[in-house]
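# Residue-level structure breakdown
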Amino acid sequence: MRGRDTATRSLMRSSGPDTPLCTLWPRALSGDWFYVVDEGKLDVMVASGGGEAKKVFSYDSSQPGAAPSFGGGALLYGWARAGTVVAREPCAMWRLHRDMFRSRLQKSPQAELMAALRGVDILQSLSFSELQQLVEALSQVSAADGENIITQGEISSAFYIIRSGAAVVTRKENEADDTEKPKELMRLGAADYFGERALLLDAPRAATVTALTACELLYIRRDAFEMILGPLETIINHDRRRRE
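Residues numbered from 1 in each chain as written. Predicted model: local features only at pLDDT ≥ 70, side-chain atom pairs only at ≥ 80, totals over all residues. Heavy atoms only, no water.

### What about the sheet that holds strand E13 (residues 183–188)?
Keep this limit in mind: Should DSSP find at least two bridges between two strands, the strands are regarded as paired. Counting from the N terminus, the helices are the DSSP runs of H or I reaching at least four residues and the strands are the DSSP runs of E reaching at least two. Helix axes are fitted to C-alpha atoms over the stretch in contact, other axes to C-alpha atoms as well, and angles between N-to-C directions run from 0 to 180 degrees.
The strand order across the open sheet built from four strands is E10-E15-E12-E13, with neighbouring strands paired in antiparallel fashion. The outermost strands of the open sheet, each flanked by one partner alone, are strand E10 (148–150) and E13. Mean inter-strand twist for the sheet, computed between neighbouring axes without regard to direction, equals 30 degrees. The pairing of strand E12 (residues 167–171) with E13 spans five bridges and is antiparallel. The residue bridging alanine 167 from the neighbouring strand is leucine 188, located in E13.

Structure follows, in structure tokens:
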């Protein structure tokens, strides 16, 4: 590496098998670099209770999909490193220093969306690079004051994030009763989300979301999500098996 200013264009090669590339011990200082694996295979090793380190995950550039990456959480949020990433064969990686990473991403709308998506329970299994792909695939739509964005009982496959504006969530106990007044459940604002279960299930909407002001929203439909990342249920199940 010639310097931080050229970090995004610099290619780093490991010296060989079993070379520690990123040490992430719990009480160590947070890392300085974000890595994207261009070529090679690496293992994430974690030691608990002072015992021997065990493999908990692997990165493999030969697998289909986005290039594997690691170190983003520590750079954005100051999380302490929790393990060691070890090269299992000669690897080529791009890396980006924390200073440039934060200046480029932390104040950007994309970073705000990443943080919002990270808070969605059913998206917890997505990696940093998968979340980046999801952000890039979001489409924009507007809703006028008083317009129903989603309606209780309808079948819809879209997941929404409010970019600006406010909305209210209401529900009827008996949606077929035209005389029943909907009960207000909560109010939503910028960076709040709704409809996330539509990415998993073809189930009727459980509530109505109505714009309280003019709203700008970002959304993605289930078929678009699956075209990019595959079925969310598969991602969740794979993550569950990896953690067992």
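### Examining the sheet that holds strand E16 (residues 215–221)
Ordered by their spatial adjacency, four strands build an open sheet running E9-E16-E11-E14, and the pairing between neighbours is antiparallel. One side of each edge strand has no neighbouring strand; the edge strands of this open sheet are strand E9 (139–143) and strand E14 (193–194).

### Some points on the pattern of salt bridges
Rules: Each reported salt bridge corresponds to a side-chain nitrogen of Lys or Arg within 4 Å of a carboxyl oxygen of Asp or Glu. To sort residues, take the accessible area from a 1.4 Å probe on protein chains only and compare it with the maximum for the residue type: under 20% means buried, over 50% means exposed, and anything in between is partly exposed.
This model, assessed by the stated rule, comprises three salt bridges. Between arginine 88 and aspartate 43 there is a salt bridge; the shortest N-O distance is 2.7 Å. Here arginine 88 is found in the loop between strand E7 (84–87) and strand E8 (92–97), whereas its partner aspartate 43 is found in strand E4 (residues 41–46), with 45 residues between them in sequence. Judged by its relative accessible area of 33%, arginine 88 is partly exposed. The buried category is assigned to aspartate 43, whose relative accessible area is 10%. Ionic pairing is found between arginine 222 and glutamate 226, a salt bridge with its closest N-O pair at 3.3 Å. Residue arginine 222 and its partner glutamate 226 are located together in helix H5 (residues 222–229), separated by four residues, close to a single helical turn. Look at glutamate 226 and you get partly exposed, because its relative accessible area is 30%.

So, to be careful, I would describe these as geometric facts and stop short of saying anything about function.
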